[in-house]
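A structural walkthrough
This is what each chain is made of:
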Amino acid sequence: ILTPTVLGDAVFTSSYQNKSWLYSIAREGDAWRVSETWTGTAQGYMSSPVVMDGHAYLHLANGRFTCVNLANGERTWTSDAFGKYVSLVAQGDRILALDERGILLLIKADPKGFQLLDQRKVAAEDTWAHLAVCGEEVFVRELRALSVFRWRLPKVTASL
């Protein structure tokens, strides 16, 4: 169900109740060649992954998050379960994940381990729609409402 993700001359995808793949795409004269670079066991569900620094972060069919090293298809970690469905967006090294219950998770994108930084309920009703981002604004659509939140990365100050 997820949208395949283009990464340079490759495409990462996954399917519910199956596995995940990275395909390489190359032009050979007047023809295109597609070859399977690797196959992995991660079963992405409905959410399209976010990709940062050579890793794909995705929500699995079993409700867990995982981080896949795109160089070789190996998982670097898998979390505990969080909801049936999530919509993912990224900014810097942060991922927002909205589940179907209206719970918004803030996750650090770190290939070494799952780090849940914060979570809060942002909707009273089901939220099956994808998060929408425009600049610093994040739009959350629930069954009968639309909410807008401002998402800013914290400013880093030098310590003396």
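One structure accompanies this document, and this report is about it. (Residues numbered from 1 in each chain as written. Predicted model: local features only at pLDDT ≥ 70, side-chain atom pairs only at ≥ 80, totals over all residues. Heavy atoms only, no water.)

Digging into the sheet that holds strand β10 (residues 94-99)
Put simply, the test is: Strand pairing is defined by DSSP finding a minimum of two bridges between the two strands. Under the scheme used here, helices are H or I runs from DSSP no shorter than 4 residues and strands are E runs no shorter than 2 residues, and both carry numbers assigned from the N terminus. In this analysis an axis means a line fitted to C-alpha atoms, helices contributing only their contacting stretch, and an angle means the value between N-to-C directions, from 0 to 180 degrees.
With antiparallel pairing, the four strands of this open sheet are ordered in space as β9-β10-β11-β12. Edge strands, defined here as strands with exactly one partner in the open sheet, are β9 (86-91) and β12 (115-121). The mean angle between the axes of side-by-side strands here comes to 20°, regardless of whether they run parallel or antiparallel. Bridge count for β9 against β10 is six bridges, and the pairing is antiparallel.

Thoughts on the pairing of strand β2 (residues 10-14)
Worth spelling out the cut-off: Buried, partly exposed and exposed residues are distinguished by accessible area as a fraction of the type maximum, computed with a 1.4 Å probe on protein chains only: under 20%, between the cut-offs, and over 50%, respectively.
With five of five residues buried, β2 is to be regarded as a mostly interior element. Covered by surrounding structure in β2 are A10, F12 and S14 together with V11 and T13, the residues of both alternating faces. Here strand β1 (residues 5-7) pairs with β2 via three bridges, running antiparallel. In the sheet register, V6 faces β2, and the bridge partner there is V11. Linking β1 back to β2 in an antiparallel pair, the connection comprises two residues, with G8 at a positive phi of about 65°. From the end of β2 to the start of strand β3 (residues 20-28), which pair antiparallel, there are five residues, and Q17 there has a positive phi angle of about 60°.

Brief notes about the environment of W21
The condition is simple: Whether two residues are in contact is decided by their heavy atoms: any pair within 4.5 Å suffices.
Locating W21 in the fold gives a position in strand β3. The exposure class assigned to W21 is buried, which follows from its relative accessible area of 12%. Distance from W21 to G73, taken between C-alpha atoms, is 7.6 Å for residues 52 residues apart in sequence. Not counting chain neighbours up to four residues away, the residues in contact with W21 comprise V11, F12, T13, S14, S15, E36, W38 and T39.

Let's talk about the nonpolar core
To be explicit about the condition: By convention a nonpolar core is built from buried Ala, Val, Leu, Ile, Met, Phe, Trp, Tyr and Cys residues, the set being connected through side-chain atoms within 4.5 Å.
Counting residues in hydrophobic clusters, the biggest one holds 15 residues, and the most contacted among them are Y57, F65, L88, I95, A97 and L105. Of all the elements in the fold, those that place two or more residues in this core are β5 (50-52), β7 (64-69), β9, β10 and β11 (103-108). If one sorts the elements of this core by residue count, β11 sits on top with three residues. Leave out the neighbours within four places in its chain, and A97 touches F65, V86, S87, L88, I103, L104, L105 and I107.

Observations regarding the pairing of β11
Inspection of the sheet shows β10 paired to β11 by five bridges, in the antiparallel sense. For R94, the partnering residue across the bridge sits in β11 and is K108. Here β10 folds back onto β11 in antiparallel fashion, the turn holding three residues, of which G102 has a positive phi close to 90°. Bridge count between β11 and β12: six bridges; the pairing is antiparallel. For L106, the partnering residue across the bridge sits in β12 and is D118. Where β11 folds back onto β12 in an antiparallel hairpin, the turn is made up of six residues.

Observations regarding the environment of A26
The topology assignment puts A26 in strand β3. The exposure class of A26 is partly exposed, given its relative accessible area of 23%. Distance in space between the C-alpha atoms of A26 and A10 is 8.7 Å, their sequence separation being 16 residues. For A26, the residues in contact, after removing those within four places along its chain, are A31, W32 and R33.

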